[in-house]
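What follows is each chain in one-letter form.
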Amino acid sequence: MTKASTALLEVTHLVTQFHTPHGMVRAVDGVSFSVQRGQTLGIVGESGSGKSVLARTIIGILANDGSPTTTGGIAFEGRDLLKLSEPEMRDVRGKDIAMVFQDPTSSLNPVKRIGAQIGEVLTRHLGLRCRAAEARSVELLASVGIPLPAERLHQYPHQLSGGMRQRVAIAIAIACEPKLLIADEPTTALDVTIQAQILDLLRRLQRAHNMAMILISHDLGVVAEHTDVVAVMYGGQMVERASTRSLFHSCRMPYTQALIRSAPSLPDPPHTRLRAISGRPPDMLHPPIGCRFNPRCDRATDVCRADQPALSPSDADGAHLYACWHPVGAGEVLP
Amino acid sequence: MSTAADGQAQATAPASGAASPPLARHRLGPRFWIPIGWTTMVVVLAATANLLPLHSPIETDFTVISNWPDATHWFGTDQLGRDIFSRSVFGARISLIVGLLAPAFGLGVGIFLGMAAGYFRGRTESIIVAAMDAIMAFPGILIALAVTAYVGANIAILIFLLGFLTIPAFMRVARANTLVFGQREFVLAARAMGATHRRVLALEILPNVAIPMLIYALLMVSRIIVTEGVLSFLGLSVPPPQPTWGNMIADGQADLATLPYIPFIPSALMFLTVLSINLIGERLRARTDFRGGAL
């Protein structure tokens, strides 16, 4: 075990396949990336691009009917999570890697009090008993900015607003001070002002505990503001990866460019047509041959329809990677 | 219950003109409390039957054969001079014991199988569902006839048999609810916090599934009371002279024209008891129905 390795999480050529009655679906197809301690990686992409499956593969909670299979490597602090037994993996979940889900109305159990839901994790991983667990729960609720934390412990989820529930979900996730927090669209179900509060809270907690974070989102604004590195996913593959600044400044992959352009911007006059990306996301049962974006790409040529481009470095230090035969030039990025 | 609050909020919004519907929804009302009163009375009488100063339900008294109801024999006496009030109370015991324990047995097995099927899916689910379909494909009354005819009837066999026949129905309800709750993010979240499958099933899913299951069990109680009555009527339940509502009705059959009170009294008792339990169950079901509230 090389605990001294620099990256906290090192994912190499990860493939997650689902065996469906209609055939094999590769929801995650050869994805590699790494996350450093304290760093935030943003993962963006359309619905169905494999973001959530990727997150669930890392933490090992895909469907339990035996249909998905995973190959590749997920090294966390030098240990390959895919090689851990289920009991060993259960000790990692919640303690070293925790997760926050999209919908706070359904990520808390409606028939259990808040206190019981937080206390469970503390008992499971830290071995705290009633009194200690309760005291710690109050601290946790206070740290995520919930007023009157001691009273909230005795309430049920429906007595809290959406934003409050998401704060509770975050309190549960950070209860054991995980080294990596996976936030799967943590603000999608919340309104905009609450979104900002939750993202600020995540950032504050991250700094306080030097916690690494994977922030999954389809909201480019969120990603631009709250991440250090961004990976763009399309059709289960990673098509571009760069520092956040470099990605928004000089993206190379036409899909990334289209994604950035399709976001509405405030300076636009009212009733400006959104520049939607034409076509539909690829059918994952029968993905396009060659570059998966080629049917929707206006730069596509024969080579795009025949061969898949590999991730290649855009600059000398190799920090900006993209997969495209006809990349967007450095000068022609933003309209 | 979260539905109570959610439901109120939802119900108040559209009904701004009429203020009564949301209130009515939350008051249980006489249609709930009268059945509760009747059921409680039947249960208490049946439970304390040994202690009450009743006539013997079995001893025959040839001085009072086929007497219509009067002051000493409130419900009259049957063709052998046995006190019908006493027989009704002791008969309620059989109905209630079978009516409660058989669904309890079915509930226990059904909830286990249903949650396993709904949570693990795949092959586990196929096997369980196929087995339950096979049970349901047999006409229940025929199985009951066959078993009691060969093995003989005692109360334990009756409970086991009728309970067994309710397993598929309980399994279906448990599976359907597990499918719904199993897809909620709190199940994923629990697993993401390192919970075992057993823990997720017992602590996350079971509390959610338990409420609809218990209400369904209550409705099943009334069905089993009727089924036990049918078996008794056919002479396939507890053997005479032990009274049951069903065999009391059967005894009265011959003299229906001249002594109508003999079959009428146990029939009425069974009718009122079954109706009460159904009304209670229906009221509770309506109140805890999750489909209305956005949980």
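These numbers were taken from a predicted model, which means no experiment stands behind them.

### What to know about the overall build of chain A
Helix and strand content of chain A: 11 helices and 12 strands. In summary, chain A has a C-alpha radius of gyration of 21 Å against a globular reference of 20 Å for 335 residues, a match within 12%. On the principal axes, the C-alpha backbone points of chain A span a range of 65 × 50 × 45 Å. For chain A, the proportion of its 335 residues judged to be buried stands at 45%. Considering only residue pairs separated by 6 or more positions, chain A has 64% of its internal contacts joining residues 24 or more positions apart.

### Quick notes on the overall build of chain B
When its secondary structure is counted, chain B shows 11 helices and 0 strands. If you list the helices and strands of chain B from N to C, you get α-α-α-α-α-α-α-α-α-α-α. Nonlocal contacts in chain B, meaning residues at least 24 apart in sequence, comprise 68% of its contacts between residues at least 6 apart.

### Focus: the pairing of strand E10 (residues 237-243) of chain A
Residues and elements named next belong to chain A. Taking burial as the measure, the 7 residues of E10 include 6 buried ones, the bulk of the element. Bridge count for strand E9 (residues 229-234) against E10 is 6 bridges, and the pairing is antiparallel. Looking at the pairing, Val232 lines up with Glu240 of E10. Between E9 and the antiparallel strand that follows it, E10, lie 2 residues; Gly235 among them carries a positive phi value of about 55 degrees.

### Some details on the interface of chain A and chain B
In this complex, chain A contributes 27 residues to the contact, which on the side of chain B involves 21 residues. When contributions to the side of chain A that touches chain B are tallied by element, the ones reaching two or more residues are helix H2 (86-92), strand E6 (97-100) and helix H3 (114-126) of chain A. At 3 residues, H3 of chain A tops the list of elements feeding residues into the side of chain A that touches chain B. When the residues that make up the side of chain A that touches chain B are grouped by side-chain class, the tally is 11 nonpolar, 8 polar and 8 charged.

### Focus: the sheet that holds strand E7 (residues 180-184) of chain A
Pairing between the strands of a sheet comes from backbone hydrogen bonds, and it takes one of two forms, parallel or antiparallel. Residue and element names in this part refer to chain A. Sheet architecture is open: 8 strands sit in the order E6-E7-E8-E3-E9-E10-E12-E11, paired in mixed fashion. Of all the strands in the sheet, the pair left with one neighbour each is E6 and strand E11 (312-313). Pairing between E10 and strand E12 (residues 321-322): 2 bridges, direction antiparallel. Counted as the bridge partner of Arg241 is Leu321 from E12. Across the sheet, helix H1 (residues 51-59) is in contact with strand E3 (40-44), E6, E7, strand E8 (212-217) and E9; its angle to E7 comes to roughly 150 degrees.

### Notes on the sheet that holds strand E1 (residues 7-20) of chain A
Residues and elements named next belong to chain A. As summarised here, the arrangement of the 4 strands in space is E2-E1-E4-E5, forming an open sheet in which the pairing is antiparallel. Each of the sheet's edge strands pairs with one partner strand only, and the pair in question is strand E2 (23-36) and strand E5 (79-80). Both strand E4 (residues 68-76) and E5 contribute to a ladder of 2 bridges, which runs antiparallel. The residue bridging Phe76 from the neighbouring strand is Arg79, located in E5.

### Concerning the confidence of the model for chain B
All names here are of chain B. On average, chain B scores 82 in pLDDT, and the residues at 70 or more come to 88%. Here residues 1-24 is modelled with pLDDT under 50, and outside its nearest four sequence neighbours on either side it reaches 24 contacts, counting other chains as well. Overall, residues 291-295 carries pLDDT values under 50, and its contacts beyond four positions in sequence, including any with other chains, amount to 10 contacts. Scored as a whole, the predicted complex attains pTM 0.78, and scored at its interfaces, ipTM 0.80.

### A short note on the nonpolar core
Counting 156 residues, the largest nonpolar core has Ala171, Leu181, Ile182 and Ile214 of chain A as the members making the most contacts within it. A per-element tally of this core places helix H4 (residues 84-120) of chain B first, with 16 residues. Filtering out sequence-adjacent residues up to four positions away, Ile214 of chain A remains in contact with Val35, Leu41, Ile43, Ala55, Ile182 and Ala183 of chain A.

### Looking at helix H7 (residues 192-209) of chain A
Residues and elements named next belong to chain A. Between its first and last C-alpha, H7 extends 26 Å over 18 residues, near the 26 Å set by a 1.5 Å rise per residue. All of the buried residues in H7 are Ile198, Leu199, Leu201, Leu202 and Gln206. The buried residues of H7 occupy an angular sector of 155 degrees when projected down its axis, which confines them to one face. When the buried face of H7 is taken as reference, the exposed residues oriented beyond 90 degrees from it are Thr193, Arg207 and Ala208.

### A few points about unusual backbone geometry
Most peptide bonds are trans, and most residues other than glycine sit at a negative phi. The phi angle at His13 of chain A is positive, at roughly 40 degrees, despite the residue not being glycine. Residue classification places His13 of chain A among the exposed positions, given that 11 C-beta atoms sit within 10 Å.

### Structural notes on the environment of Tyr255 of chain A
All names here are of chain A. With respect to the element layout, Tyr255 can be found in helix H10 (residues 254-262). For the pair formed by Tyr255 and Pro313, sequence separation is 58 residues and the distance between their alpha carbons is 17 Å. Not counting residues within four places of it along the chain, the set of residues in contact with Tyr255 comprises Val232, Tyr234, Val239 and Phe293.

### Considering the environment of His226 of chain A
All names here are of chain A. Relative to the helices and strands, His226 resides in helix H8 (residues 220-226). For the pair His226 and Ala208, spaced 18 residues apart in sequence, the C-alpha separation works out to 15 Å. In contact with His226, other than residues within four places in its own chain, are Thr40, Leu199, Arg203 and Leu215.

### Overview of the packing of helix H8 (residues 185-192) of chain B against helix H9 (residues 197-233) of chain B
Residues and elements named next belong to chain B. One can describe the packing of H8 onto H9 by two numbers: an axis separation of 10 Å at closest approach and a directional angle of 145 degrees. H8 and H9 meet at a crossing whose hand is right-handed. Along the contact surface, H8 presents Phe186, Val187, Ala190 and Arg191, while H9 presents Val200, Glu204 and Ile205. Per-class residue counts for the contact of H8 with H9 are 5 nonpolar, no polar and 2 charged.

### Topic: H9 of chain B
A rise of 1.5 Å per residue sets the reference length of H9 of chain B, with its 37 residues, at 54 Å; its end C-alpha atoms lie only 47 Å apart and thus fall more than 12% short of the reference. In the segment just after H9 of chain B, Gly235 of chain B is the residue with positive phi, at about 80 degrees.

### A look at the packing of helix H3 (residues 30-47) of chain B against helix H11 (residues 261-288) of chain B
To describe two helices that pack against each other, one gives the angle between their axes and the distance between the axes. All names here are of chain B. Viewed as axis vectors pointing N to C, H3 and H11 meet at an angle of 135 degrees, and their least axial separation amounts to 9 Å. Between H3 and H11, the interaxial angle falls into the category oblique. Classified by chirality, the crossing of H11 by H3 is left-handed. Contacts from Arg31, Phe32, Pro35, Ile36, Trp38, Thr39 and Val42 in H3 reach Leu272, Thr273, Ser276, Ile277, Leu279, Ile280 and Arg283 in H11.

### Structural notes on the pairing of E8 of chain A
Residue and element names in this part refer to chain A. Counting buried residues along E8, 6 of its 6 residues qualify, which places the element largely inside the surrounding structure. Side-chain alternation along E8 places Ala212, Ile214 and Ile216 on one buried face and Met213, Leu215 and Ser217 on a second face that is also buried. Here E3 runs beside E8; their pairing, made up of 5 bridges, is parallel. Bridging from a neighbouring strand, Val44 pairs with Ser217 of E8. By the bridge criterion, 5 bridges tie E7 to E8 in an arrangement that is parallel.

Parameters and conventions
Residues numbered from 1 in each chain as written. Chains lettered and ligands numbered in written order. Predicted model: local features only at pLDDT ≥ 70, side-chain atom pairs only at ≥ 80, totals over all residues. Helix = DSSP H or I, 4+ residues; strand = E, 2+ residues; numbered from the N terminus. Rg over C-alpha atoms; globule rule 2.2 N^0.38 Å. Buried ≥ 20, exposed ≤ 12 C-beta atoms within 10 Å, placed from the backbone. Contact = placed C-beta atoms within 7 Å. Pairing = 2+ DSSP bridges. Nonpolar A, V, L, I, M, F, W, Y, C, P; charged D, E, K, R; others polar. Axes fitted to C-alpha atoms, helices over the stretch in contact; angles between N-to-C directions. pLDDT = per-residue confidence, 0-100. Core = buried A, V, L, I, M, F, W, Y, C linked by C-beta atoms within 7 Å. Expected span 1.5 Å × (residues − 1). Arc of directions from axis to C-beta. Left-handed = near helix turned anticlockwise from the far one by under 90°. Parallel < 35°, antiparallel > 145°, perpendicular 65-115°, else oblique.

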